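Spelled out, the chains give:
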4 protein chains.
Amino acid sequence: MIAELRETVAVLHRELTRYGLVSWTAGNVSARVPGEDLMVIKPSGVSYDELGPDAMVVTDLHGTLVDGALSPSSDTAAHAYVYRHLPDVGGVAHTHSPYATAWAARGEPIPCVLTMIADEFGGDIPVGPFALIGDDSIGRGIVDTLRGSRSPAVLMRNHGPFTVGQDARAAVKAAVLLEDVARTVHFAHQLGTPETIEARHVDHLYTRYQNVYGQ
Amino acid sequence: MIAELRETVAVLHRELTRYGLVSWTAGNVSARVPGEDLMVIKPSGVSYDELGPDAMVVTDLHGTLVDGALSPSSDTAAHAYVYRHLPDVGGVAHTHSPYATAWAARGEPIPCVLTMIADEFGGDIPVGPFALIGDDSIGRGIVDTLRGSRSPAVLMRNHGPFTVGQDARAAVKAAVLLEDVARTVHFAHQLGTPETIEARHVDHLYTRYQNVYGQ
Amino acid sequence: MIAELRETVAVLHRELTRYGLVSWTAGNVSARVPGEDLMVIKPSGVSYDELGPDAMVVTDLHGTLVDGALSPSSDTAAHAYVYRHLPDVGGVAHTHSPYATAWAARGEPIPCVLTMIADEFGGDIPVGPFALIGDDSIGRGIVDTLRGSRSPAVLMRNHGPFTVGQDARAAVKAAVLLEDVARTVHFAHQLGTPETIEARHVDHLYTRYQNVYGQ
Amino acid sequence: MIAELRETVAVLHRELTRYGLVSWTAGNVSARVPGEDLMVIKPSGVSYDELGPDAMVVTDLHGTLVDGALSPSSDTAAHAYVYRHLPDVGGVAHTHSPYATAWAARGEPIPCVLTMIADEFGGDIPVGPFALIGDDSIGRGIVDTLRGSRSPAVLMRNHGPFTVGQDARAAVKAAVLLEDVARTVHFAHQLGTPETIEARHVDHLYTRYQNVYGQ
């Protein structure tokens, strides 16, 4: 199981570079090990070209290294906090993707003006607090914000987005779609004001997409 | 014939990723099977890396699965409606390409201020209604809008573009050129106002491009 | 010589896609055949994936096909006019690169506010007239505009840029650098006003770059 | 040692193209040869496809060619000046990356409104003077500006960024992260005003990142 998750998490990091969500060694993905108080996460400051399965590290849900030759991501404490407090979450992704981070820098939620936002995020994409790295502040900010929303994404002020999902793939999907809609709504606002979508239509779209889309 | 169309439609999906028109599994292309009430379309929610010919599905023109192991695209009903009501259309493409979708989100047609718009779209690129997924609303919105225009593209409000063509390749070409011109006109508007092209020049360009360009 | 130019021109087309200057089959590069009233140019409406040396066509300097299985680019008349009237020009490139075309759509020259513009273009990058395809109008607009400028690039109104050079490689280089500076100056203007460069500094930079840069 | 640095510097140039920081042959990276008054630098005007280790040149710290078949970069004098005056610098990178250069063209520092800016740059990213190529003006402008800042990056007016680091890899990292933050802050400003980060938080982030991040 852990070997499989190392492979999954390693491969999912390629989606971050494919979609231009990360630069250099920034950004990270983790997966909860089902049924255990463990997670698999990216090591700190390693090039995306070298992120094979063996480079991934295993920590407990307080971020203590359990297996792996490298130091875990500097955001490990935030991932761990999310897993401890949101039991349905099986994967977490973090990037500084440029359009989403620009909304975060202004502290503005992304308004639900696209069917894709209704589908995946179920409403406006919320802003989380400014939080310093080094203790549970970032994790607490993520969890407190996501608890009040259907959105799997939170825009942490002056920092960037964190996304969650039932597994690591779903968290990465949310990170990819987040940047897509952050960009499109940015463009829409540059030349005017996008039209709103009525709340009942947002509900219809969200329910359908969550239950009918895919295989 | 169907085997060939599976191959064609599969290959055309690569153009959507090549030009950055789609994220994750969003977007879809279909082709009418000439002389039959059938179409070949992308399956729902499958990664673009796995969209080989065998993954494509065949449905009738009401979206009922006829051949294929996977569920058809969630936009199948819209494609089917187009084929039922526009007999000259042999291909349909749908994306959420960012610049075109930004115009759609504001409900603004793209003005015909570039020779490339006159060539391919024959005038302003029109906006279609807001329509919910789940019945014929999207298909009807596409058909009603395209009937009043020379444009092979319609910007569905709060959603994104649909394009049509005599075959699937022409529909994908329209999707690619649409995003190109949506972006350029967006840029032009950001710093001022683009100059207009006289209607008679638009007609001249459209007629020539439709009849003389290419092999 | 012609075989070599077919190879050169074919390879240079890859730079247009590498830098995102063209979509689908739009854009074209040509090279004058030194010492002969001939040129090598891209065929019309052929995919960039299929632009090997054999696909290139040879025409005289009035655009009449001399060698090749395909119809020449629909912009052949404009290239031919340039070669007939500017004897020092050995290569021509044409794209609809998005930022340069946005300046063209507004009919605004790109101001010389970057050392790279001074280096390569020697001053502001000028705007040419609106001209319809089908006769010598485009060619004449290019030549008349370039004669009054050190710039190897002209922004044809509502259409896009044409660039020239002593050979095809130099023309493509100008097309690449043009889009680069069109984009950067666009960005600079979005949030304020770029500082100007004094005319004597522009001259210094231009002279040095044209004579000292490179091998 | 010099053979290794030729390899390192050659490989690092690929990061400039990977992240879209350079066009055509613009941009350059150099590395100081530890313990010697020498540096390894890119040749002038050579295509990025041909920048293998053998193409790199070795000069002394006044820019005089010591080893290599090609002429050194036209920015060699600036790199050499930096190495002579900043003994802790082991690598220098120069690009015209579009967002950073847009800030440079306006002569505006990039404000420290992102945790990534605090981490890597330790505060606002400063602007250097307008300086002509051909003597020590550019080098002096870089050194004078960097001496008053924790930032490894300086935005040279109307020109583009130079970055430094303890080795060439660190200088290239700074160039990559600079463009990333220049872009995100550009986006943030386009639709409003980003929130500031308190100076004590900037200090906390900078100290932690410089000491704890990575392996």
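Note that this is a predicted model, so its numbers are computed, not measured.

Some remarks on the relation of the copies chain C and chain B
Both copies of the chain are placed relative to one another by a rotation about an axis and a shift along it.
Right, so step 1: Mapping chain C onto chain B leaves a residual RMSD of 0.0 Å; the transformation is a rotation of 90° accompanied by 0.0 Å of translation along its axis. Here the symmetry operator amounts to a four-fold rotation axis. Of the C-alpha atoms belonging to chain C, the one lying closest to the rotation axis is found on C:Gln190, 5.3 Å away.
Right, so step 2: Comparing interface residues between copies, only 3% of those in chain C also lie at the interface in chain B; the contact surfaces differ.

So, the interface of chain C and chain B
Reports of interface size often rely on the accessible area that becomes lost once the parts have come together.
Right, so step 1: Listed per partner, the contact involves 34 residues of chain C and 32 residues of chain B.
Right, so step 2: Between chain C and chain B, the buried area comes to about 2,900 Å², and carbon and sulfur atoms account for 58% of it.
Right, so step 3: Interface area lost by chain C to chain B is led by C:Trp24, C:Arg106 and C:Asn158, which between them contribute 28%.
Right, so step 4: There are 2 salt bridges connecting chain C and chain B.
Right, so step 5: Note that C:Arg157 and B:Glu195 form a salt bridge whose closest N and O atoms lie 2.6 Å from each other.
Right, so step 6: Where chain C touches chain B, the interface holds 16 residue pairs in polar contact (both at pLDDT 80 or more).

Points about the interface of chain C and chain D
Right, so step 1: Each side of the interface is counted separately: chain C has 32 residues, and chain D has 34 residues.
Right, so step 2: Counting across the interface, chain C meets chain D through 2 salt bridges.
Right, so step 3: D:Asp49 serves as the salt-bridge partner of C:Arg18, at 2.6 Å between the closest nitrogen and oxygen.
Right, so step 4: Counting across the interface, chain C meets chain D through 16 residue pairs in polar contact (both at pLDDT 80 or more).
Right, so step 5: With 11 residues, helix H6 (residues 168-190) of chain C is the largest single contributor of residues to the side of chain C that touches chain D.

What to know about the pairing of strand E3 (residues 57-60) of chain A
Residue and element names in this part refer to chain A.
Right, so step 1: Two strands pair when backbone bridges link them, and strand E2 (residues 38-41) and E3 are joined in this way by 4 bridges, in the antiparallel orientation. In the sheet register, Leu38 faces E3, and the bridge partner there is Asp60.
Right, so step 2: Two elements, E3 and strand E4 (residues 65-67), share 2 bridges in a ladder whose sense is antiparallel. Looking at E4, one finds that Val58 is bridged to Asp67.
Right, so step 3: Hairpin connection between E3 and E4: a loop of 4 residues separates the two successive antiparallel strands, and Gly63 in this loop has a positive phi of roughly 90°.

Some remarks on the packing of aromatic side chains
Right, so step 1: In this structure the tally under the stated criterion is 12 aromatic pairs over all chains.
Right, so step 2: Note on A:Phe187 and B:Tyr99: the rings are 3.9 Å apart at their centroids and 10° apart in plane angle, and the pair reads as stacked. Of this pair, A:Phe187 sits in helix H6 (residues 168-190) while B:Tyr99 sits in helix H3 (residues 98-106), which puts the two residues in different chains. Taken individually, A:Phe187 and B:Tyr99 each receive the classification buried, so the pair is uniform in this respect.
Right, so step 3: Joined through ring pairs, the aromatic side chains of A:Tyr99, A:Phe187, B:Tyr99, B:Phe187, C:Tyr99, C:Phe187, D:Tyr99 and D:Phe187 make up one cluster.
Right, so step 4: One Lys or Arg, A:Arg106, reaches over the ring of A:Trp103 and ends 4.8 Å from the middle of that ring.

Some thoughts on the sheet that holds strand E3 (residues 57-60) of chain C
Residues and elements named next belong to chain C.
Right, so step 1: Strand order in the open sheet formed by 8 strands is E4-E3-E2-E1-E5-E8-E7-E6, with mixed pairing between adjacent strands. Two strands close off the open sheet at either side, each with one partner strand: strand E4 (65-67) and strand E6 (127-128).
Right, so step 2: Sheet strands touched by H6: strand E1 (28-33), strand E5 (91-94), strand E7 (153-156) and strand E8 (160-165). Its angle to E8, the strand with the most contacts, is close to 140°.

What about the pattern of salt bridges?
Right, so step 1: With the rule as written, the count across this model stands at 36 salt bridges over all chains.
Right, so step 2: In this structure, A:Arg6 engages A:Asp67 in a salt bridge whose closest nitrogen and oxygen atoms are separated by 2.8 Å. With A:Arg6 in helix H1 (residues 2-18) and A:Asp67 in strand E4, the pair connects residues that are 61 residues apart, well separated along the chain.
Right, so step 3: Overlapping salt bridges, with partners in common, bring together A:Glu15, A:Arg18 and B:Asp49 in one network.

Here's the deal with the UniProt feature "domain: Class II aldolase/adducin N-terminal" (unreviewed entry) in chain A
Right, so step 1: UniProt feature "domain: Class II aldolase/adducin N-terminal" (unreviewed entry): in the numbering of this structure it lies at residues 7-186 of chain A.
Right, so step 2: Here residues 7-186 of chain A is 38% helix and 18% strand, with 35 Å between the C-alpha atoms at its ends.

Brief notes about the packing of helix H6 (residues 168-190) of chain B against helix H3 (residues 98-106) of chain C
Right, so step 1: Put simply, H6(B) and H3(C) touch, their axes get as near as 8 Å, and they point 55° apart. The pairing of H6(B) with H3(C) is recorded here as oblique in orientation. The handedness of the crossing between H6(B) and H3(C) comes out as right-handed. Residues B:Arg183, B:Thr184, B:Phe187 and B:Ala188 of H6(B) pack against C:Pro98, C:Tyr99, C:Thr101, C:Ala102, C:Ala105 and C:Arg106 of H3(C).

Topic: the sheet that holds strand E2 (residues 38-41) of chain B
Right, so step 1: Spatial ordering of the open sheet is given by E4-E3-E2-E1-E5-E8-E7-E6 (chain B), a layout of 8 strands whose pairing is mixed. Each edge of the open sheet is held by one strand with a lone partner, namely strand E4 (65-67) and strand E6 (127-128) of chain B.

Considering unusual backbone geometry
Right, so step 1: The phi dihedral of A:Asn158 falls on the positive side, at around 60°, and the residue is not glycine.
Right, so step 2: Assignment of secondary structure puts A:Asn158 in the loop between strand E7 (153-156) and strand E8 (160-165).
Right, so step 3: Notably, D:Trp24 is not glycine yet its phi reads approximately 55°, a positive angle.

A closer look at helix H6 (residues 168-190) of chain D
Residue and element names in this part refer to chain D.
Right, so step 1: Taking 1.5 Å per residue, 23 residues should reach 33 Å; H6 reaches 33 Å between its end C-alpha atoms and fits that length.
Right, so step 2: Of all 23 residues in H6, 19 are buried; the element is thus mostly enclosed.
Right, so step 3: Two residues or fewer after H6 comes Gly192, characterised by a positive phi angle close to 155°.

So, the side chain of C:Arg106
Right, so step 1: For C:Arg106, the location among the structural elements is in helix H3.
Right, so step 2: With a relative accessible area of 6%, C:Arg106 lands in the buried category.
Right, so step 3: Among all residues touching C:Arg106, those that are not within four sequence positions of it are B:Phe187, B:Ala188, B:Leu191, B:Gly192, B:Thr193, B:Pro194 and B:Glu195.

Focus on the environment of B:Val113
Residues and elements named next belong to chain B.
Right, so step 1: Tracing the backbone through its elements, the reader meets Val113 in the loop between H3 and helix H4 (115-121).
Right, so step 2: Judged by its relative accessible area of 4%, Val113 falls in the buried class.
Right, so step 3: Through-space distance from the C-alpha of Val113 to that of Thr95 is 23 Å; in sequence the pair is 18 residues apart.

Comments concerning the environment of D:Val58
Residue and element names in this part refer to chain D.
Right, so step 1: Structurally, the position occupied by Val58 is in strand E3 (residues 57-60).
Right, so step 2: Under the relative-accessibility criterion, Val58 is labelled buried at 1%.
Right, so step 3: For the pair Val58 and Val9, spaced 49 residues apart in sequence, the C-alpha to C-alpha distance is 11 Å.
Right, so step 4: In this structure, Val58 is in contact with Ile2, Arg6, Leu38, Met39, Val40, Thr64, Leu65, Val66 and Asp67, ignoring residues within four places of it in sequence.

Conventions we followed
Residues numbered from 1 in each chain as written. Chains lettered and ligands numbered in written order. Predicted model: local features only at pLDDT ≥ 70, side-chain atom pairs only at ≥ 80, totals over all residues. Heavy atoms only, no water. Least-squares fit on C-alpha atoms with pLDDT ≥ 70 in both. Contact = heavy atoms within 4.5 Å. Buried area = accessible area lost by both parts, 1.4 Å probe. Salt bridge = Lys/Arg side-chain N within 4 Å of Asp/Glu carboxyl O. Polar contact = N/O pair within 3.5 Å; in protein donor to acceptor, adjacent residues only side chain to side chain. Helix = DSSP H or I, 4+ residues; strand = E, 2+ residues; numbered from the N terminus. Pairing = 2+ DSSP bridges. Phe/Tyr/Trp six-rings, centres within 6.5 Å; stacked < 30°, edge-to-face > 60°. Buried < 20%, exposed > 50% of the residue type's maximum accessible area, 1.4 Å probe, protein only. Lys NZ or Arg CZ within 6 Å of the ring centre and 35° of its normal. Axes fitted to C-alpha atoms, helices over the stretch in contact; angles between N-to-C directions. UniProt positions renumbered as here; feature names shortened; annotations may be inferred. Parallel < 35°, antiparallel > 145°, perpendicular 65-115°, else oblique. Left-handed = near helix turned anticlockwise from the far one by under 90°. Expected span 1.5 Å × (residues − 1).

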